[in-house]
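Listed below are the residues making up each chain.
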Amino acid sequence: MIIVMNKSASNKDVSDVIHRVEDMGYQVHLSRGTERTIIGVIGDERVLDSQTVEQLSGVDKIVPILKQYKLASREFHPENSQVKVDDVVIGGDEIVVMAGPCSVENSDQVLEAAVTSKEAGAKVLRGGAFKPRTSPYSFQGLGEDGLKLLKEAKEKTGLPIITEVMATDQVDLVARYADILQIGARNVQNYNLLQAVGETQHPVLLKRGFATTIDELLLAAEYILSNGNYQVMLCERGVRSFDTKYTRNMLDIMAVPILKELTHLPVIVDPSHSTGKWELVAAASRAAVAAGADGLLVEVHPDPEVALSDGRQSLKPKTFAAMMQQIKGIASAVGRTVGADRTVEREMVTN
Ligand code: PEP
Ligand code: MN
């Protein structure tokens with residue numbers, strides 16, 4: 001449930017209510033909006049003495065949250081949540097672009113991807129070290145060596161790192177190197193893993209699975225939130241469809257405004273895995289920005305033809321820079337910005 005305070009409630013009213021509810025054995029989550037202050041109550045609501053709380057000074061009303069997910073819901077936290085990674089803010093005015101290779105392959109590859117992506121305006125470096133591959137015979141990632149290469153690229157470029165963690169026993173290791181923990185599509189309902197990343201204070205990017213409903217995604221996020229980690233972002237990365245001839249997955253673009261309505265958590269779109277083809281990535285990115293995404297997760301490789309994974313959908317640095325130019329205009333049309341450290345010339349999208 002949430003306690004909605006009166007507009008005129010004083011700071012003392014708010015802290016008195018918080019203390020009272022905490023004394024009853026509940027945890028609280030305070031959300032101070034520009035319009036109103038809301039106190040979220042976490043715990044077994046069936047035994048809460050709501051009449052007493054309703055009579056406290058400054059309380060306007062008590063609203064039960066009927067949805068199964070509570071901490072993830074907009075009712076619980078009406079303002080957009082922001083996730084902070086070093087000096088990057090995700091969920092604010094700026095659309096944050098995270099870019100880099102599908103897999104970390106070697107030092108030159110990851111560094112070149114990092115430097116060129118940064119020049120084009122990316123704010124976070126992506127790269128997989130533990131890879132969830134469909135076939136056990138495919139490249140499985142460099143493991144900890146890959147994490148070290150990401151860290152080196154961070155030292156040289158200053159870009160914070162997002163990388164995937166696949167198992168509970170990897171969480172400590174990956175968290176030593178990564179700034180953002182990525183939970184991949186295949187692990188969206190791995191509840192032990194969600195609980196383990198929920199016990200860290202690391203930002204988490206939770207990817208929707210290819211057959212995950214929006215409510216299932218929000219309940220998966222609830223596992224992380226309910227373990228005390230509020231630094232959570234959601235990622236739409238395409239769902240499985242009947243037509244796999246032209247795209248690898250189907251980008252569910254409506255998931256973006258729907259999620260923005262249902263939850264306060266930042267929403268990221270992955271235009272690479274949702275299309276599977278580099279030539280569709282710019283269009284998917286433009287659509288995502290227009291639909292209200294807070295960020296993009298894009299695969300960029302200096303030489304996609306020789307990539308050890310997902311080369312077909314990876315942009316070359318030049319194409320990525322051209323795409324970044326295209327989304328700037330769309331971002332400004334929807335009242336957002338896309339950061340760039342320097343202006344890159346507008347050019348045709350050819351990979
Ligand atoms: C990835 O980002 O490299 C990845 C494996 O994505 P997904 O989990 O969405 O397939
Ligand atoms: Mn990939």
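The model shown is predicted, which means the values in this text are computed figures rather than measured ones.

1. Some details on the layout of surface pockets
Considered as a void within the structure, the largest pocket measures approximately 230 Å³ in volume. Along the walls of the second largest pocket sit Met1, Val41, Ile42, Gly43, Glu45, Ile65, Gln68, Lys70, Leu71, Phe76, Glu222 and Ser226, which together make up its complete lining.

2. Side note on the coordination of the manganese ion (ligand 2)
For the manganese ion (ligand 2), the protein coordination sphere consists of Cys102 (SG), His273 (NE2), Glu299 (OE) and Asp310 (OD), at 2.0 to 2.3 Å. Mapped onto the sequence, the residues coordinating the manganese ion (ligand 2) show the spacing C-x170-H-x25-E-x10-D. Taken together, the residues span a long stretch of sequence, with His273 in the loop between strand E13 (267-269) and helix H9 (278-291) and Asp310 in the loop between strand E14 (295-299) and helix H10 (317-333) at a distance of 37 residues. For the residue pair His273 and Asp310, the accessibility class agrees, reading buried in each case.

3. Focus on the site of ligand 1
The immediate surroundings of ligand 1 are formed by 13 residues, with Arg126, Lys131, Ala185, Lys207 and Arg237 found nearest. Taking Arg186, its side chain carries an N or O atom lying 3.0 Å from an oxygen atom of ligand 1. Within the complex, the protein chains bury 97% of what would otherwise be the 300 Å² of accessible surface of ligand 1. According to the grid-proximity analysis, the pocket containing ligand 1 is the largest pocket. Among the residues forming the shell around ligand 1, the class breakdown is three nonpolar, three polar and seven charged.

4. Some details on the pairing of strand E1 (residues 2-5)
Burial of E1 is two-sided: the residues Ile2 and Val4 facing one way and the residues Ile3 and Met5 facing the other way are all buried. The sheet contact formed by E1 and strand E4 (residues 59-63) spans four bridges and is antiparallel. Within the sheet, the bridge partner assigned to Ile2 lies in E4 and is Val63. Inspection of the sheet shows E1 paired to strand E3 (residues 37-42) by three bridges, in the antiparallel sense.

5. Brief notes about the sheet that holds E4
A sheet is described by the order of its strands in space; here four strands give the open sequence E2-E3-E1-E4, paired in antiparallel fashion. The open sheet is flanked by strand E2 (27-32) and E4, the only strands paired with a single partner. Within the sheet, the average angular offset between the axes of one strand and its neighbour, ignoring direction, is 20°. As judged from the six bridges shared by E2 and E3, these two strands associate in the antiparallel manner. Paired with Ser31 across the strands is Ile38, a residue of E3.

6. Things to note about H9
The end-to-end C-alpha separation of H9 is 20 Å, in line with the 20 Å expected for 14 residues at 1.5 Å each. Against the buried residues of H9 lie strand E7 (94-100), E13, E14 and H10. Once H9 ends, the next one or two residues include Gly292, with phi positive near 110°.

7. Looking at the pattern of salt bridges
Enumeration over the complete set of coordinates arrives at 14 salt bridges. When salt bridges with common partners are traced through the structure, they connect Asp86, Lys154 and Asp179 into a single cluster.

8. Digging into the environment of Glu35
Tracing the sequence through the fold places Glu35 in the loop between E2 and E3. Counting along the chain gives 254 residues from Glu35 to Val289, while the straight-line C-alpha distance between them is 27 Å.

9. Describing the packing of aromatic side chains
Across all of its chains, the model carries one aromatic pair by this definition. Ring centres of Tyr191 and Tyr223 lie 4.4 Å apart, and the angle between their planes is 25°; this geometry places the pair in the stacked category. Remark: Tyr223 occurs in helix H7 (residues 214-225) and Tyr191 occurs in helix H6 (residues 191-198); sequence separation between them is 32 residues. Here the basic side chain of Arg240 rests over the ring of Phe210, its NZ or CZ set 4.9 Å away from the ring centre.

10. Topic: the packing of H9 against H10
Running from N to C, H9 and H10 point in directions that differ by 20°, and their axes come no closer than 9 Å. If you check the angle between H9 and H10, you find them roughly parallel. In the crossing of H9 with H10, the sense of the turn from one axis to the other is right-handed. Residue-level contacts link Trp278, Val281, Ala282, Ser285, Arg286, Val289 and Ala290 of H9 to Thr319, Met323, Gln326, Ile327, Ile330 and Ala331 of H10. Residues that form the contact of H9 with H10 fall into these classes: nine nonpolar, three polar and one charged.

11. With respect to H7
Look at H7: 16 Å from first C-alpha to last across 12 residues, which is about the 16 Å you get at 1.5 Å a residue. Within the sequence span of H7, burial applies to Ile214, Leu217, Leu218, Ala220, Ala221, Glu222, Ile224 and Leu225. Packed against the buried residues of H7 are H6, strand E11 (204-207), strand E12 (232-236) and helix H8 (255-262).

12. Quick notes on the nonpolar core
Core analysis: the largest hydrophobic core is formed by 75 residues, its most contacted members being Leu206, Leu296, Val298, Phe320 and Met323. Looking at this core element by element, the count peaks at seven residues for H7. If near-sequence neighbours (up to four positions away) are discounted, Leu206 is found in contact with Ile183, Val188, Leu194, Leu217, Ala220, Ala221, Ile224, Met233, Leu234 and Cys235. With 15 residues, the next largest nonpolar core counts Val17, Ile18, Leu48 and Val53 among its residues.

13. Section: the domain arrangement of the protein
The domain architecture assigned to the protein consists of domain 1 (2-63) and domain 2 (83-338). With centres defined by C-alpha atoms, the gap from domain 1 to domain 2 works out at 36 Å.

Rules used in this analysis
- Residues numbered from 1 in each chain as written.
- Chains lettered and ligands numbered in written order.
- Predicted model: local features only at pLDDT ≥ 70, side-chain atom pairs only at ≥ 80, totals over all residues.
- Heavy atoms only, no water.
- 1 Å grid on protein atoms, 1.4 Å probe; cavity = no way out; pocket = protein on both sides within 12 Å on 5 of 7 lines; lining within 4 Å.
- Points joined across faces, edges and corners; volume = space filled by probe spheres on them.
- Donors = N, O, S within 2.8 Å, 3.2 Å for Na, K, Ca; no water.
- Helix = DSSP H or I, 4+ residues; strand = E, 2+ residues; numbered from the N terminus.
- Buried < 20%, exposed > 50% of the residue type's maximum accessible area, 1.4 Å probe, protein only.
- Near = heavy atom within 4 Å.
- Polar contact = N/O pair within 3.5 Å; in protein donor to acceptor, adjacent residues only side chain to side chain.
- Areas by Shrake-Rupley, 256 points an atom, 1.4 Å probe, with all protein chains shown as cover.
- Sits in = over half its atoms within 2 Å of the grid points.
- Nonpolar A, V, L, I, M, F, W, Y, C, P; charged D, E, K, R; others polar.
- Pairing = 2+ DSSP bridges.
- Axes fitted to C-alpha atoms, helices over the stretch in contact; angles between N-to-C directions.
- Expected span 1.5 Å × (residues − 1).
- Contact = heavy atoms within 4.5 Å.
- Salt bridge = Lys/Arg side-chain N within 4 Å of Asp/Glu carboxyl O.
- Phe/Tyr/Trp six-rings, centres within 6.5 Å; stacked < 30°, edge-to-face > 60°.
- Lys NZ or Arg CZ within 6 Å of the ring centre and 35° of its normal.
- Parallel < 35°, antiparallel > 145°, perpendicular 65-115°, else oblique.
- Left-handed = near helix turned anticlockwise from the far one by under 90°.
- Core = buried A, V, L, I, M, F, W, Y, C linked by side-chain atoms within 4.5 Å.
- Domains from an automatic or database assignment.

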